Every structure is written in C-alpha cells, then in structure tokens.
Amino acid sequence: QVQLVESGGGLVQAGGSLRLSCAASGRTFSAYGMGWFRQAPGKEREFVASINRIGGITSYAAPVRGRFTISRDNAKNTVYLQMNSLKPEDTAVYYCAARRPETTPVSQYDYWGQGTQVTVSS
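It should be emphasised that the depicted structure is a prediction, and the values quoted were computed from it without experimental measurement.

S.K.: It is not clear to me how the nonpolar core should be interpreted in this structure. Could you clarify?
M.R.: Nonpolar side chains tend to gather and get buried jointly when the protein is soluble and globular. By size, the foremost hydrophobic cluster in this structure holds 30 residues, and its most contacted members are Leu-4, Met-34, Trp-36, Leu-81, Met-83 and Tyr-94. For this core, the secondary structure elements donating two or more residues are strand 3 (18-24), strand 4 (33-39), strand 5 (46-51), strand 7 (68-73), strand 8 (78-83), strand 9 (92-99) and strand 11 (116-121). Residues contacting Leu-81, with those up to four places away along its chain left out, are Leu-18, Arg-19, Leu-20, Trp-36, Val-48, Ala-49, Phe-68, Thr-69, Ile-70 and Tyr-94.

This is the structure in structure tokens:
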C-alpha cells in the first residue's frame, strides 16, 4: 500500500512556473512507476507525464511536452512535476499516481493522491 500526498499547486499568471511535489509513504517507493494526471472542470482525467522506477525513462502528453518535466528522488520518496510556460488551459486538479511493478498495462495505476489545484490566469 502506498499513500500519496501532492503539494505545490496554486494560482499563477500565464507564462509562469510551478513545481508540484508528491510525497509517498512506505519503503518501496523505488519499486513504483509514477505518473502525473490532471482533470479540468467538465473534462475527463488525462495523462500528463510518467517516469519509470529509476527515473531513466520519461513520457509526456503532447500538450505539455517541452514545458513540463517529471523527475523523482527515490531517497526522498518524492516525485516532482516542474511546470514552465504555463497556459490557462493547464488549469486543472493535478494528481500523482503510483503503479506496482506487476501491474499491466503501463497506463494502469494502482494508487492515487488527493490532488492539488493549479490555476493559471490569463
């Protein structure tokens, strides 16, 4: 079992930056693939970025590629999402998620945080 707690959301002007953090409980954080998702009002939750267990492989959704960077620090049980050049359309609740090694497909996640609100004003 993994508990995830996101932080770092807030209100920012378009063009600004935020860094989200997701702290995980437990001693096996390095065993989990991690991802960030977001859900805007009236829309379905969508994939934002993912990172593998040791941080060597990352993946991004097209709308954020080149602006967002996912990273992790296994010593701190934390995954990050650095968001630069923010746009009003990035406004959403952002969730982090963890995937057990045996879970398939890789798009499937087992544990979710409670979310943190990001609002980008124009």
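S.K.: Explain the packing of aromatic side chains to me, please; I cannot follow it from the model alone.
M.R.: Geometrically, a pair of aromatic rings is defined through the distance of the ring centres and the angle of the planes. Taken as a whole and assessed by the stated rule, the structure comprises five aromatic pairs. Ring plane angle 75° and centroid distance 6.1 Å describe the contact between Tyr-32 and Tyr-111, whose orientation is recorded as edge-to-face. You can see Tyr-32 sitting in the loop between strand 3 and strand 4 and its partner Tyr-111 sitting in strand 10 (residues 111-112), a full 79 residues away along the chain. We classify Tyr-32 as buried; its relative accessible area is 8%. Overall, Tyr-111 belongs to the buried group, its relative accessible area being 12%. When the ring centre of Phe-29 is taken as reference, the NZ or CZ atom of Arg-72 above it lies at 4.5 Å.

S.K.: When you look at the pattern of salt bridges in this model, what are you seeing that I'm missing?
M.R.: Two side chains carrying opposite charge are able to pair once their charged atoms lie near each other. Here the structure, examined in full by the defined rule, presents five salt bridges. A salt bridge links Asp-110 to Arg-100; the nearest nitrogen and oxygen atoms lie 3.5 Å apart. One end of the pair, Asp-110, is in the loop between strand 9 and strand 10; the other, Arg-100, is in the loop between strand 9 and strand 10, and 10 residues separate them in sequence.

S.K.: It is not clear to me how unusual backbone geometry should be interpreted in this structure. Could you clarify?
M.R.: Glycine aside, the phi torsion of most residues is negative, and most peptide linkages are trans. A cis amide bond, omega -5°, links Thr-104 with the succeeding residue Pro-105. Locating Pro-105 in the fold gives a position in the loop between strand 9 and strand 10. Positive phi is not limited to glycine here, since Asn-77 has a value of about 55°. By secondary structure assignment, the location of Asn-77 is in the loop between strand 7 and strand 8. Residue class for Asn-77 comes out buried when judged on its relative accessible area of 17%. Its identity is not glycine, yet Ser-85 carries a phi of approximately 50°, on the positive side.

S.K.: It is not clear to me how the side chain of Arg-38 should be interpreted in this structure. Could you clarify?
M.R.: Secondary-structure assignment places Arg-38 in strand 4. For Arg-38, a relative accessible area of 6% gives the class buried. A polar side-chain atom of Arg-38 sits 2.9 Å from a polar atom in the side chain of Asp-90.

S.K.: What's the story with the environment of Pro-101 in this structure? I'm lost.
M.R.: In this fold, Pro-101 is placed in the loop between strand 9 and strand 10. By relative accessible area, Pro-101 is classed as partly exposed at 47%. Taking the C-alpha atoms as reference points, Pro-101 and Val-12, separated by 89 residues in sequence, lie 36 Å from one another.

About the criteria used
Residues numbered from 1 in each chain as written. Predicted model: local features only at pLDDT ≥ 70, side-chain atom pairs only at ≥ 80, totals over all residues. Heavy atoms only, no water. Core = buried A, V, L, I, M, F, W, Y, C linked by side-chain atoms within 4.5 Å. Buried < 20%, exposed > 50% of the residue type's maximum accessible area, 1.4 Å probe, protein only. Helix = DSSP H or I, 4+ residues; strand = E, 2+ residues; numbered from the N terminus. Contact = heavy atoms within 4.5 Å. Phe/Tyr/Trp six-rings, centres within 6.5 Å; stacked < 30°, edge-to-face > 60°. Lys NZ or Arg CZ within 6 Å of the ring centre and 35° of its normal. Salt bridge = Lys/Arg side-chain N within 4 Å of Asp/Glu carboxyl O. Polar contact = N/O pair within 3.5 Å; in protein donor to acceptor, adjacent residues only side chain to side chain.

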